[in-house]
Amino acid sequence: MLWWIAIALGVIEGVTEFVPVSSTGHLILAGTWLEFPEEKAAAFEIFIQLGAVLAVVWFYRERISGLVRDVWQVPQAQVFVGKLFVAFLPAAVVGLLFHHWIVRVLFGPLPVAAGLAAGGVLLLAIDRPSRPAARTTTIDAVTWMQAFLVGCAQVASLWPGVSRSGATIIGALLAGLSRSAALEFSFFLAIPTLGAASLFALWEARHDLASADVPIFAAGLVTSFVVSLAVIAILLRYVRDHDLRIFGWYRLALAVLVVLLVAGR
């Protein structure tokens, strides 16, 4: 039974990681109702995000291989990597300091519903048709201050339900990035953010895991990778001609549904 649950959660992770609807929130809700073993749930829910990270790495493999090759000698590559580090740092520091409190207090249906609702309202308010024209239309043109502002916005995603992609996209839109630039910067920022979070969660749960868990975790990761790869391509095409407000309405509807389901239990 755990195999099917792991694959189902991998699909959910892949579909929701880069869409601004909160993958962690969806995984917490699905894991709760599918009765995934509680002592392994938090580690699994974060670990399978590595599948999404690997999907980004594969999708942008030419750009990333160029960055790896040039980072020690090409100033442009150094600047881009430096901006990613600046954007990564705020959430990394806050997450490290408050990780245990977040898992203990916020990993539940009602906090997720609150995060979904808050992010939905912000998305509807910010990505509106009358939004001012973006000043920055490519990720190479992102400034140091814009990178820092996106990083500060990402701190909000430590609250499950807010959404890492949602927080970074909203932060990027407010900082003056175009929708497509905001989405791509969010993709690249996912690599250090989700990579570090996944490895940290695995280390924290090392005493609760056994060798028998490896195939289950691997199944979730591989499923997440395959689905995430498809979603990245679809989402990049979608934002060329559409805003993201539909995800704001979805978040509000899901938040209401979660509250009703919890109230009815």
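Structural data are supplied above this passage.
A brief report on the enclosed structure follows. (Residues numbered from 1 in each chain as written. Predicted model: local features only at pLDDT ≥ 70, side-chain atom pairs only at ≥ 80, totals over all residues. Heavy atoms only, no water.)

Attention now moves to the overall build of the chain. Along the chain, the regular secondary structure elements total twelve helices and zero strands. Start at the N end of the chain and walk to the C end: the helices and strands fall as α-α-α-α-α-α-α-α-α-α-α-α. Its C-alpha atoms give the chain principal-axis dimensions of roughly 50 × 40 × 35 Å. Buried residues in the chain amount to 51% of all 265 residues. Look at the contacts in the chain between residues 6 or more apart in sequence, and 83% of them connect residues 24 or more apart. As displayed, the chain offers around 12500 Å² of accessible surface, 71% of which is attributable to carbon and sulfur atoms. (Helix = DSSP H or I, 4+ residues; strand = E, 2+ residues; numbered from the N terminus. Buried < 20%, exposed > 50% of the residue type's maximum accessible area, 1.4 Å probe, protein only. Contact = heavy atoms within 4.5 Å. Areas by Shrake-Rupley, 256 points an atom, 1.4 Å probe, with all protein chains shown as cover.)

This brings us to the packing of helix α8 (residues 144-155) against helix α10 (residues 179-204). Between two packed helices, what matters for the description is the angle formed by their axes and the separation of those axes. Axis separation between α8 and α10 bottoms out at 12 Å; the angle between their running directions is 60 degrees. As for the relative orientation of α8 and α10, their crossing is right-handed in sense. Of the residues in α10, those touching α8 at Ala147, Val150 and Gln154 are Phe185, Leu189 and Thr193. Broken down by class, the residue content of the contact of α8 with α10 amounts to four nonpolar, two polar and no charged. (Axes fitted to C-alpha atoms, helices over the stretch in contact; angles between N-to-C directions. Left-handed = near helix turned anticlockwise from the far one by under 90°. Nonpolar A, V, L, I, M, F, W, Y, C, P; charged D, E, K, R; others polar.)

Inspection of the secondary structure assignment puts Thr143 in the loop between α7 (109-126) and α8. Along the backbone, Thr143 and Lys83 are 60 residues apart, and their C-alpha atoms lie at a distance of 7.8 Å.

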